[in-house]
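If you want the building blocks of each chain, they are given just below.
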Amino acid sequence: MALQECGLNLNSVSKELQPHGSLAFPCAGYASRHTDRPEDSIPWHWHEEIEIIYIENGQIEVKIPSQSFLLKKGDCLVINANIVHYATAVPEGSLHSLVFSPALISGKEDSVFSKKYISPLIACPAFSGYYISADSGEEVACLFRRAFEALAGDHYGFEFTVRENLSRICLFLYQKFSPQMDLPEASPNQDNLRLSRLLAYIHKHFAEPISVSDIAREAGISERECLRCFQKTIQLPPIQYLLKYRVMQGAELLLTNPSASISEIGTLCGFDSQSHFAKMFKRFYNCTPREYRNRTLKSEAAP
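What comes next is a walk through the structure. Each chain carries its own residue numbering, running from 1 in the direction its sequence is written. This being a predicted model, a pLDDT of at least 70 is required before a residue's local features are given, and a value of 80 or more before pairs of side-chain atoms are given or counted; all residues contribute to the totals for chains, interfaces and linings. To get the side-chain values, all heavy atoms of the structure are used, and hydrogens and water are removed first.

## Things to note about the overall build of the protein chain
For the record, the criterion: Working definition: helices are DSSP H or I runs of at least four residues, strands are E runs of at least two. Numbering for both runs from the N terminus. In this treatment the radius of gyration is a C-alpha quantity, and the globule benchmark scales as 2.2 Å times the residue count to the 0.38 power. Relative accessible area decides the class of each residue, using a 1.4 Å probe on protein chains only: under 20% of the type maximum gives buried, over 50% gives exposed, and in between gives partly exposed. Should any heavy atoms of two residues lie within 4.5 Å, those residues are counted as being in contact. Here, Shrake-Rupley sampling with a 1.4 Å probe gives the accessible areas, and only protein chains in the shown set may cover a residue. His is not counted here, nor are the chain ends, while Lys and Arg score as positive and Asp and Glu score as negative. Throughout, a charge is located at the NZ atom of Lys, the CZ atom of Arg, the CG atom of Asp or the CD atom of Glu.
When you go through the protein chain residue by residue, the secondary structure sums to eleven helices and seven strands. For the protein chain, the C-alpha radius of gyration of 21 Å lies close to 19 Å, the compact-globule estimate for 303 residues. Based on the C-alpha atoms only, the size of the protein chain along its principal axes is roughly 60 × 55 × 35 Å. Across the 303 residues in the protein chain, those meeting the buried criterion constitute 47%. Partitioning the intrachain contacts of the protein chain with sequence separation of at least 6 by distance along the chain shows that 70% fall at a separation of at least 24. Only carbon and sulfur atoms are counted for the fraction: they give 52% of the accessible area of the protein chain, which is about 15,500 Å². If the 30 positive side-chain charges of the protein chain are averaged to one point and the 34 negative ones to another, these points end up 4 Å apart.

This is how it looks when you write it as structure tokens:
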């Protein structure tokens, strides 16, 4: 199985829709290079699969609610299923990742692998993201590389190699988190649940004139609690996140709708005037919308 193309297709609640692998073998590998430019960042999203990220070169900052990891060459990060996450380079970096369904390891829900190991690991409230440094985690990095290279090479029997090495990583994680699994069951992290709902509202209504009050109302919380939740989890006020999301949507529309005017694009993204759109766009992209469109389309057209 060759590597899949890296790209996000998100629904209205930020869940990634792109299938990772196939029903027969639910695992996909990705290789991508990133810079600190806004268009190169990986936006906040989540999926039902576990993801393991390995840094090939440079530095990549990965954020999950309430935590941030600056990953360097050789570092790994495991992100649990259903955890919202975001990534950007600092200032450049390349990564390899494997995204796989827990069922690849556990098999049927009533199997010993599911009941004894994988289900308790996925449900462990302490396991959102686990950082493994290059200095102390060479064994895990080696397991990852074997799995990734087998998947990328698409050689006969690669499925066995991938599953074996990912199984060993999952067993390693189970051993690390088993003490927390024995504690009384904790309720899901309230901030994580709220963030998914708040982001979903913004992503669905970003083109409309929405306020902090509107966003907070969606989760049934006060404006103050909404501000606290955003600041604690993604370190951005909700309106700042809304503006950034609008601008990023605008950048995409500038390229996918080359015949539309700058003013029309701004209106579609919720800006009340072309000048406001241009001002916010330049804040994030360091150029005007027109300069961005012309430069990018010219670059893509070059042989």
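That covers the picture; the talk isn't over yet.
## Digging into helix 2 (residues 112–123)
Note the cut-off: To estimate how far a helix should extend, the number of its residues minus one is multiplied by 1.5 Å. In this context, the arc is that of the directions from the helix axis out to the C-beta atoms.
Spanning twelve residues, helix 2 covers 16 Å between terminal C-alpha atoms, matching the ideal 16 Å at 1.5 Å per step. Among all positions of helix 2, only Ser114, Ile118 and Leu121 are buried. Each buried residue of helix 2 sits inside an arc of 115 degrees when the element is viewed along its axis, so together they form one side. Residues of helix 2 that are exposed and point more than 90 degrees away from the buried face comprise Lys115 and Ala123.

## Looking at the packing of helix 2 against helix 4 (residues 158–181)
Packed helices, taken two at a time, are described by the angle their axes make and the gap between the axes. Rules: What counts as an axis is a line fitted to C-alpha atoms, over the stretch in contact for a helix, and the angles between N-to-C directions run from 0 to 180 degrees. Throughout this description, any angle smaller than 35 degrees is read as roughly parallel, any larger than 145 degrees as roughly antiparallel, any in the 65 to 115 degree range as roughly perpendicular, and the remainder as oblique. Crossing handedness follows the turn of the near helix against the far one: under a right angle anticlockwise gives a left-handed crossing, and clockwise gives a right-handed one. Residue type decides the class: Asp, Glu, Lys and Arg count as charged, Ala, Val, Leu, Ile, Met, Phe, Trp, Tyr, Cys and Pro as nonpolar, and the leftover types, Gly among them, as polar.
Close contact between helix 2 and helix 4 brings their axes to 9 Å; oriented N to C, the two are set at 70 degrees. The pairing of helix 2 with helix 4 is recorded here as roughly perpendicular in orientation. Seen from above, helix 2 lies across helix 4 with left-handed handedness. Contact residues: Lys116, Tyr117, Ile118, Pro120 and Leu121 in helix 2; Cys170, Leu171, Leu173, Tyr174, Phe177 and Met181 in helix 4. The class makeup of the residues in the contact of helix 2 with helix 4 is ten nonpolar, no polar and one charged.

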